[in-house]
Amino acid sequence: MAFELPALPYAHDALEPHIDTQTMQIHHGKHHAGYTTNLNNAIAGTDLEGKSIEDILGGLNMNNMAVRNNGGGYYNHCLFWEVMGPNGGGAPTGALADAINAAFGSFEGFKDQFSKAAATRFGSGWAWLCVKDGKLDICSTPNQDNPLMPGIGCGGTPILGLDVWEHAYYLHYQNRRPEYIEHFFNVINWDEVARRFNS
Ligand code: MN3
């Protein structure tokens, strides 16, 4: 059972004007597709074949760069597409909102910390909102690493992730990463983030 590139849960132009159509086409159809193919090639014939992506990443040998980079890339983008949506934005409600207020003081406090984590990640990587024992934390990782991997120093289960690789924003925003980050908040699918938090 090989991993498959999941279909986008919305049209390529659905996140306009915040994330442009061509970026979505290349990011999903080329980059994510590439990670998926390369992950399958890296695990073919090994004892990782047939395992879930969560099990593969959770038990990862961090020296296995092919699985680290491509397994991370596969998982991270699967999450990324789902936590965005055309009717996104606003602020969460319910238990997730309570947990955000408890951890960061307010939604604005969360937004500031998450934006800072995304803006200050040097080079390529991701910003994360993670949950561990019901508590929220913000961190960032380089390249395609993520909080599921062992010893990453950024623990818990990611419930929101933001890709800050240049391929995620350069066509539309060029070097203006902070502007991309600001616009990301207009497409966050808080219903999906809450679903992940509650499970
Ligand atoms: Mn990417």
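Calculation criteria
- Residues numbered from 1 in each chain as written.
- Predicted model: local features only at pLDDT ≥ 70, side-chain atom pairs only at ≥ 80, totals over all residues.
- Heavy atoms only, no water.
- Donors = N, O, S within 2.8 Å, 3.2 Å for Na, K, Ca; no water.
- Helix = DSSP H or I, 4+ residues; strand = E, 2+ residues; numbered from the N terminus.
- Buried < 20%, exposed > 50% of the residue type's maximum accessible area, 1.4 Å probe, protein only.
- Disulfide = S-S within 2.5 Å.
- Axes fitted to C-alpha atoms, helices over the stretch in contact; angles between N-to-C directions.
- Parallel < 35°, antiparallel > 145°, perpendicular 65-115°, else oblique.
- Left-handed = near helix turned anticlockwise from the far one by under 90°.
- Contact = heavy atoms within 4.5 Å.
- Nonpolar A, V, L, I, M, F, W, Y, C, P; charged D, E, K, R; others polar.

A. Inspection of the coordination of the manganese ion at higher detail. Bound to the manganese ion on the protein side are His27 (NE2), His77 (NE2), Asp163 (OD) and His167 (NE2), at distances that span 1.9 to 2.1 Å. Coordination of the manganese ion draws on donor residues from a single chain, spaced H-x49-H-x85-D-x3-H in sequence. Linking His77 in helix H3 (residues 65-82) with Asp163 in strand S3 (residues 157-163), this pair joins segments that are 86 residues apart in sequence. On the basis of relative accessibility, which here comes to 0%, the residue His77 falls in the buried class. Of the residues examined, Asp163 reaches a relative accessible area of 0% and is grouped as buried.

B. Main features of the state of the cysteines. Inspection of the entire model under this criterion finds one disulfide. Through a disulfide, Cys139 is tied to Cys154; the S-S separation comes to 1.6 Å. On the sign convention where negative means left-handed, the S-S torsion of about 45° between Cys139 and Cys154 marks this disulfide as right-handed. Remark: Cys154 occurs in the loop between strand S2 (135-142) and S3 and Cys139 occurs in strand S2; sequence separation between them is 15 residues. Cys154 carries the same exposure label as Cys139, and that label is buried. Free cysteine Cys78: the closest other cysteine sulfur is in Cys130, separated by 17 Å. The thiol of Cys130 is not disulfide-bonded; the next cysteine sulfur, from Cys139, is found 4.2 Å away.

C. The arrangement of the packing of helix H5 (residues 107-120) against helix H7 (residues 177-184) in detail. Direction vectors running N to C along H5 and H7 enclose 140°, while the axes themselves pass 10 Å from each other. Here H5 lies oblique to H7, going by the angle between them. For the crossing formed where H5 meets H7, the hand is right-handed. Contacts from Lys111, Phe114, Ser115, Ala118 and Ala119 of H5 reach H7 at Arg177, Ile181, Glu182 and Phe184. Taken together, the residues of the contact of H5 with H7 break down into five nonpolar, one polar and three charged.

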